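Coordinate inspection notes
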Amino acid sequence: MTPAVPGEESSTGSFPGLTWRALRLQAQSILAEAGIESPQADARWLAEHVAETSLITAPEPTDRQAKEYENLVAKRAARIPLQHLTGTMYFRNLVLPAEPGVFIVRPETELVAGKAIEAATKAGPSPLVVDLCTGSGAIAISIADEVPGARVVAVELDDVAVEAASRNAMPYGVEVRHGDARTVCDDLLGQVDVVVSNPPYVPPSEVPPEVGQDPSRALWGGGEDGLEIPRALVARARQLLKPGGVLVMEHDENQGEALVECAREWGMTGRTEPDLAGRPRFLYAV
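Keep in mind that this is a model prediction, so the values were computed, not measured.

**Some thoughts on the environment of Ala154**
Here Ala154 lies in strand S4 (residues 151-156). A sequence separation of 22 residues divides Ala154 from Val176, and the C-alpha atoms of the two residues are 4.7 Å apart. Leave out the neighbours within four places in its chain, and Ala154 touches Asp131, Thr134, Ala140, Val174, Glu175, Val176 and Arg177.

Quick look at the structure:
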């Protein structure tokens, strides 16, 4: 990228042709070479973060903006999560802060939230929904936002994540409980319409560097296959759900069959459903 000239600020940079398009194209090349899966989108998001507006309406970058963009692209190429660089997570209709120590919610989880929202909507005018392992609270807040009249309870064990979820959820009326998702909510046994969860499920194998920067408690599912916690949550969901209640739970692409069988063992009928890439991504059990 073109280096900035100290002390110089301009609307077109200090070199002819310094434009957002030129900077973004070079950033795409750098990110692609670094192995980033979505270099074009990441380059655009970082540019709009620096420009503080859409690139469609943004004036051409100043030298300061070009230098800031160059630094952010270098950090992204070093596999620092995009959300940690921008300080923001986008999830369905929500814009949430991305905070170190709190799990970064991924786009595929929007499908999980969507299925839970669909199930809650079908459950009646005042459904009770429990989000186990809520992290930032993104799923729970989306349900409260999109299902009028729903009572939403979010459960989280980690101290840092509980504080973040409580702050994020306060404007939406979500009740955040601090505790182990495998044992909490005894007062709700047999009363819940929908249980939803994006639990720790990563098996003990290599994961992308960005994922490795999430808190370990939010990642590792336990056991050789990463299924220790997910299986326990299927059992807990069965205890919480009323007859006809629905469990929607995210999982690794290789865990679908095992969790469908686990749901069957607990007297539920289930199936695994795909993400946008066609990979088995979440359990849907009744």
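**Comments concerning the pattern of salt bridges**
Scanning the entire structure with this criterion turns up 18 salt bridges. Here Glu118 makes a salt bridge to Lys122, at a shortest N to O gap of 3.6 Å. Of this pair, Glu118 and Lys122 both sit in helix H5 (residues 109-122), 4 residues apart, which is roughly one turn of the helix. Its relative accessible area of 67% is what places Lys122 among the exposed residues. Glu175 is the partner of Arg177 in a salt bridge, and the nearest nitrogen-oxygen pair spans 2.7 Å. With a relative accessible area of 15%, Arg177 lands in the buried category. Because the salt bridges share partners, they merge into one network encompassing Lys115, Glu118, Lys122, Arg271 and Glu273.

**Focus on the packing of helix H2 (residues 39-51) against helix H3 (residues 63-77)**
In contact at an axis separation of 10 Å, H2 and H3 are set at 140° when each is read in the N-to-C sense. H3 is crossed by H2, and the crossing has right-handed handedness. Taken together, the residues of H3 that come into contact with H2 (itself represented by Asp42, Ala43, Leu46, Ala47, His49, Val50 and Ala51) are Gln65, Glu68, Tyr69, Leu72, Val73 and Arg76. Taken together, the residues that form the contact of H2 with H3 break down as 8 nonpolar, 2 polar and 3 charged.

**Thoughts on the packing of aromatic side chains**
Scanning the model with the defined rule gives 1 aromatic pair in all. Ring plane angle 85° and centroid distance 5.6 Å describe the contact between Trp20 and Tyr69, whose orientation is recorded as edge-to-face. Of this pair, Trp20 sits in helix H1 (residues 20-33) while Tyr69 is found in helix H3, placing the two residues 49 residues apart along the sequence. When the ring centre of Tyr284 is taken as origin, the NZ or CZ atom of Lys115, which lies over that ring, is 5.7 Å away.

**A word on the nonpolar core**
The tendency in soluble globular proteins is for nonpolar side chains to be buried side by side. Formed by 31 residues in total, the largest nonpolar core has its most connected members in Ile143, Val174 and Val196. Apart from the residues lying within four places of it in its own chain, the contact partners of Val196 are Val112, Ala116, Val129, Val130, Asp131, Leu132, Ile139, Ile143 and Val248.

**Looking at H3**
For an α-helix, the turn length of 3.6 residues means that residues three or four places apart are oriented alike. Relative to the 21 Å expected for 15 residues at 1.5 Å per residue, H3 spans 21 Å between its end C-alpha atoms, a close match to the ideal helical length. Within H3, the full set of buried residues consists of Asp63, Gln65, Ala66, Tyr69, Leu72, Val73 and Arg76. Arg79 occupies a position one or two residues after H3 and carries a positive phi of about 75°.

Scoring rules and cut-offs
Residues numbered from 1 in each chain as written. Predicted model: local features only at pLDDT ≥ 70, side-chain atom pairs only at ≥ 80, totals over all residues. Heavy atoms only, no water. Helix = DSSP H or I, 4+ residues; strand = E, 2+ residues; numbered from the N terminus. Contact = heavy atoms within 4.5 Å. Salt bridge = Lys/Arg side-chain N within 4 Å of Asp/Glu carboxyl O. Buried < 20%, exposed > 50% of the residue type's maximum accessible area, 1.4 Å probe, protein only. Axes fitted to C-alpha atoms, helices over the stretch in contact; angles between N-to-C directions. Left-handed = near helix turned anticlockwise from the far one by under 90°. Nonpolar A, V, L, I, M, F, W, Y, C, P; charged D, E, K, R; others polar. Phe/Tyr/Trp six-rings, centres within 6.5 Å; stacked < 30°, edge-to-face > 60°. Lys NZ or Arg CZ within 6 Å of the ring centre and 35° of its normal. Core = buried A, V, L, I, M, F, W, Y, C linked by side-chain atoms within 4.5 Å. Expected span 1.5 Å × (residues − 1).

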